[in-house]
Amino acid sequence: MINNETAYDIVELGDPRLRQISKPVDISRMDELVPVLTAMESRMRERGGVGIAAPQIGVLKQIMIIASRPNARYPDAPMMQPTVMINPEPFCFSDQLVALWEGCLSVPGLRGRVTRPDAVSVRFVNDSGDGQEIRLEGFPARIFLHEYDHLIGKTFVDRVDSVTDLVTDKVYLEQMVSLNR
Ligand code: NI
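Trainee: Let's hear about helix H2 (residues 139-151): which residues, and what values?
Mentor: When the terminal C-alpha atoms of H2 are compared, their 19 Å separation across 13 residues agrees well with the 18 Å that a helix rising 1.5 Å per residue should span. Burial analysis of H2 places 11 of its 13 residues in the buried class, which makes it a mostly covered element. Restricting attention to buried positions, one finds in H2 the residues Pro140, Ala141, Arg142, Ile143, Phe144, Leu145, His146, Glu147, Asp149, His150 and Leu151. In the stretch just after H2, Gly153 is the one whose phi turns positive, near 80°.

Trainee: Which residues make up the coordination of the nickel ion, and what are the values?
Mentor: Every protein donor of the nickel ion is listed here as Cys104 (SG), His146 (NE2) and His150 (NE2), and their distances to the metal cover 2.1 to 2.2 Å. For the nickel ion, the single-chain donor residues occur in sequence as C-x41-H-x3-H. On the criterion of sequence distance, the pair formed by Cys104 in the loop between strand E4 (97-102) and strand E5 (110-117) and His146 in helix H2 is long-range, its members being 42 residues apart.

Trainee: Account for unusual backbone geometry, with residues named and values stated.
Mentor: Excluding glycine, most residues fall at negative phi; most peptide bonds, likewise, are trans. The backbone of Tyr8 shows a phi angle near 60°, a positive value even though the residue is not glycine. The residue Tyr8 is located in the segment before helix H1 (34-47) in this model. Overall, the relative accessible area of 16% leaves Tyr8 in the buried class. At Cys92, a residue that is not glycine, the phi angle is positive and equals roughly 55°. Along the polypeptide, Cys92 turns up in the loop between strand E3 (83-91) and E4.

Trainee: Talk me through H1; I want residue IDs and the actual numbers.
Mentor: One full turn of an α-helix is made of 3.6 residues, so residues set three or four places apart face in the same direction. For H1, spanning 14 residues, the distance from its first C-alpha to its last is 20 Å, which sits close to the expected 20 Å at 1.5 Å a residue. Those residues of H1 not exposed but buried are Val36, Leu37, Ala39, Met40, Arg43 and Met44. For H1, the buried positions fall inside an angular range of 165° around the axis, keeping them on one side. The elements touched by buried residues of H1 are strand E1 (51-53), strand E2 (63-66) and E3. Looking one or two residues past H1, Gly48 carries a phi angle of roughly 70°, positive in sign.

Trainee: Pulling in residues and values, what's your account of the sheet that holds strand E8 (residues 166-168)?
Mentor: As summarised here, the arrangement of the 3 strands in space is E4-E5-E8, forming an open sheet in which the pairing is antiparallel. Each end of this open sheet is capped by a strand with a single partner; those strands are E4 and E8. Between one strand axis and the next, the sheet turns by 25° as a mean value, whatever way the strands run. Bridge analysis of E4 against E5 gives 6 bridges, and the strand direction is antiparallel. Residue pairing for E5: Val98 is matched across the bridge by Arg116. Contacting E4 and E5, H2 runs over the sheet at an angle of about 105° to E5.

Trainee: Tell me about the side chain of Ser121, residues and numbers included.
Mentor: Relative to the elements of secondary structure, Ser121 occurs in strand E6 (residues 119-125). Polar contacts involving the side chain of Ser121 include one to the side chain of Arg135, which spans 2.9 Å. Leave out the neighbours within four places in its chain, and Ser121 touches Glu89, Pro90, Phe91, Cys92, Ile134 and Arg135.

Trainee: Explain the sheet that holds E6 residue by residue, including any values.
Mentor: Across the sheet, which stays open at both edges, the 5 strands sit in the order E1-E2-E3-E6-E7 with antiparallel pairing between neighbours. What marks the edges here is a single partner per strand, and that holds for E1 and strand E7 (131-137). Averaged over all adjacent pairs, the angle separating strand axes in this sheet is 40°, with direction ignored. Where E1 meets E2, 3 bridges bridge the pair, whose relative direction is antiparallel. Bridge pairing in E2 places Ile52 opposite Ile65. Sheet strands touched by H1: E1, E2 and E3. Its angle to E2, the strand with the most contacts, is close to 40°. H2 contacts E1, E2, E3, E6 and E7 of the sheet and is inclined by roughly 155° relative to E2.

What counts, and at which threshold
Residues numbered from 1 in each chain as written. Predicted model: local features only at pLDDT ≥ 70, side-chain atom pairs only at ≥ 80, totals over all residues. Heavy atoms only, no water. Helix = DSSP H or I, 4+ residues; strand = E, 2+ residues; numbered from the N terminus. Expected span 1.5 Å × (residues − 1). Buried < 20%, exposed > 50% of the residue type's maximum accessible area, 1.4 Å probe, protein only. Donors = N, O, S within 2.8 Å, 3.2 Å for Na, K, Ca; no water. Arc of directions from axis to C-beta. Contact = heavy atoms within 4.5 Å. Pairing = 2+ DSSP bridges. Axes fitted to C-alpha atoms, helices over the stretch in contact; angles between N-to-C directions. Polar contact = N/O pair within 3.5 Å; in protein donor to acceptor, adjacent residues only side chain to side chain.

This is a description of form; function is not addressed.
Set out below in structure tokens:
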């Protein structure tokens, strides 16, 4: 596997790979995922992400990491254990919807206000190959739904109700309190 500076770099909006449907992972060949997971984790960390999906590093496989924690880009994010989800399947979406501002490593410099369910249950395979089922609520649910969109060829830009729900990072961070009112 190539492991230089440009391999697995972040793919940005406009790259056709962000419009593809990702393929399920063959979980009998989990070993092959190690370099992909390592790259996803390091790209997420170095860019201050709270989640990442494999298509964002150009790998069209159903893999994501959700890893909420407070940082400069998301000062109010709750702390959670980073969770690798392979072949995730969402079900049981809450009726309650919530509008929240999202950012994306593949859409640098922009935030968008997106309405999504406040809670969702997920079946997935973890990085040890074990089947899991969890209920996510609030910000972790939001991260999951955002990352899941990447696996079906969508970004948050597709989900905003209106172009007035798009602002720059700078404006977002300066006006966060009033924007979240
Ligand atoms: Ni994203």
